[in-house]
Amino acid sequence: MGYGYNWGNEALGSGKVRFCYGRGFEDGLQSDVDGRLADTDFAGINWDIFDKDNRLLNSPDLHGLQRLQLSQFSGSDHQPGLWFDMSGYRRPSDNLGNLWHSRRGLPGSGLADFRYFISGGYSQSQPNANGMFNDFPAMMMGLEGPNQDNENGYALYAGVRYDIDSLNLKIGAEYNWGSEYWVALSPGHDDIYQAKLATRGQVFELYTIWDIPAGEAISQYGRAFIRLGYQHYDYDYSGSGDWNMKPYDLGNQADLMSLQMMGMDPVESADQVYVTFEAFF
């Protein structure tokens, strides 16, 4: 549901504000016996403050209510337990609290055929008594309880692109960085390994796009292109995209030992080359 408006100023163009709401998990019509689960809802406001030509100032503020934990707790005593239930599938077992997410983005056009964008992100966990970003080895040894602190995460995303219209070719570079407690809203990503924008660390990317000059022959809204790119991931912390487990410092030997205790061997760096064919109509 939204509302569009015009600034009445040629430089600012138009804008729109939209409200969204959804339910990601439905607990069912009957109440839980022990009350451990509740519905998982999502709500947000996405505001295009101004939109003119290639300039757009966008401000989404999103709130996830009652995030689920995926089987780090199992059993009625809520002690750290199996990652998987007896069927072998990860399952929700407890509500953990809420998650705020906000972003500010400004794309625009530069000199000649250069394009650029820059965006900053902020997330905050708001756990209940079950905690978020828990240190499970320490909890198993009775050294500490669930982490009930609000943890703040930060991210930066920027890119530049040069368009060669005579060749239907675009050449670009992107960079993104995420802090220790950064949580991105990217669980439905289609990256081969892990979500690029959820990375707690750095990602460098180079790419080319060739626009196939045939899309408009199918539809006036048609567009087709082939993209070739290279990405280098450099992780600073484990658990990118996860709010259940503490982000362990991959440069700290004690943190690496904690991960080994859980049978985990996290990736510290990765390289990826990809080719995609995409069509819009």
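A brief report on the enclosed structure follows. (Residues numbered from 1 in each chain as written. Predicted model: local features only at pLDDT ≥ 70, side-chain atom pairs only at ≥ 80, totals over all residues. Heavy atoms only, no water.)

**As for the overall build of the protein**
Filter applied, for reference: In this description a helix means any DSSP run of H or I spanning at least four residues, a strand means any run of E spanning at least two, and both kinds are numbered starting from the N terminus. Buried means the residue's accessible area, taken with a 1.4 Å probe over protein chains only, is under 20% of the maximum for its type, while exposed means over 50%, and partly exposed covers the values in between. Here a residue-residue contact requires only that any non-hydrogen atoms of the pair lie within 4.5 Å. Note on areas: Shrake-Rupley with a 1.4 Å probe; residue coverage comes only from the protein chains shown.
A tally of helices and strands in the protein yields three helices and eleven strands. Taken from the N to the C terminus, the helices and strands of the protein come in the order β-β-β-β-β-β-α-β-β-β-α-β-α-β. Every one of the 281 residues in the protein was classed for burial, and the buried ones make up 38%. A separation threshold of at least 6 residues defines the contact pool for the protein, and within that pool the share at least 24 residues apart is 61%. Of the accessible surface of the protein, which amounts to about 15,900 Å², a share of 58% is contributed by carbon and sulfur atoms.

**Structural notes on the side chain of Ser179**
Along the chain, Ser179 falls in the loop between strand 8 (169–178) and strand 9 (201–212). Setting aside chain neighbours within four positions, we find Ser179 in contact with Asn152, Gly153, Tyr154 and Arg200.

**Quick look at the pattern of salt bridges**
The condition is simple: For salt bridges, the criterion is a side-chain nitrogen of Lys or Arg within 4 Å of an Asp or Glu carboxyl oxygen.
Counting across every chain of the model gives twelve salt bridges. Glu205 is the partner of Lys196 in a salt bridge, and the nearest nitrogen-oxygen pair spans 2.4 Å. Each of Glu174, Lys196, Glu205 and Arg227 takes part in salt bridges that share partners, so that together they form one network.

**Remarks on a nonpolar patch on the surface**
So the rule is basically this: Here the term patch refers to residues with relative accessible area over 30% and no salt bridge, with like charges joined within 9 Å and nonpolar side chains (Val, Leu, Ile, Met, Phe, Trp, Tyr) within 5 Å.
Together, Leu206, Trp210, Ile226, Leu228, Tyr230, Val273, Val275 and Phe277 make up a nonpolar patch on the protein surface, roughly 800 Å² of accessible area in all. For the nonpolar patch, the secondary-structure elements that each account for two or more residues are strand 9, strand 10 (223–235) and strand 11 (269–280). The class for Phe277 is exposed, based on a relative accessible area of 56%.

**Details of the nonpolar core**
Quick note on the threshold: Within this scheme, the nonpolar core is defined by two criteria: the residues are buried Ala, Val, Leu, Ile, Met, Phe, Trp, Tyr or Cys, and they are joined through side-chain atoms within 4.5 Å.
Core analysis: the largest hydrophobic core is formed by twelve residues, namely Phe136, Met139, Val203, Tyr233, Tyr235, Met245, Tyr248, Leu250, Leu256, Leu259, Met262 and Ala270. Mapped by element, the contributors of at least two residues to this core are helix 1 (136–140), strand 10 and helix 3 (253–261). Counting seven residues, the second-largest nonpolar core is a separate cluster that includes Met132, Phe133, Tyr181 and Val183.

**Thoughts on the packing of aromatic side chains**
For clarity, the cut-off: Classification of ring pairs uses Phe, Tyr and Trp, with its six-membered ring standing for Trp, and accepts pairs whose centres are within 6.5 Å; under 30 degrees between planes counts as stacked, over 60 as edge-to-face, and the remaining range as tilted. The rule is short: NZ of Lys or CZ of Arg within 6 Å of the ring centre and within 35 degrees of the ring normal puts a charge over the ring.
Per the stated rule, a full pass over the model turns up nine aromatic pairs. Centre to centre, the rings of Tyr3 and Tyr5 are 6.5 Å apart; their planes meet at 25 degrees, and the pair counts as stacked. Plain terms: the ring middles of Phe117 and Tyr157 are 4.8 Å apart, the flat faces sit at 70 degrees to each other, and that makes the pair edge-to-face. Residue Phe117 is found in strand 6 (residues 114–127), and its partner Tyr157 is found in strand 7 (residues 152–164); the two are separated by 40 residues along the sequence. On the accessibility criterion, Phe117 (22% relative accessible area) is partly exposed. Exposure remark for Tyr157: the relative accessible area of 22% places this residue in the partly exposed category. Following the ring pairs from residue to residue traces out a cluster consisting of Tyr3, Tyr5 and Trp7. When the ring centre of Tyr207 is taken as reference, the NZ or CZ atom of Arg227 above it lies at 3.9 Å.

The quantities given are spatial measurements derived from coordinates; they are silent on function.
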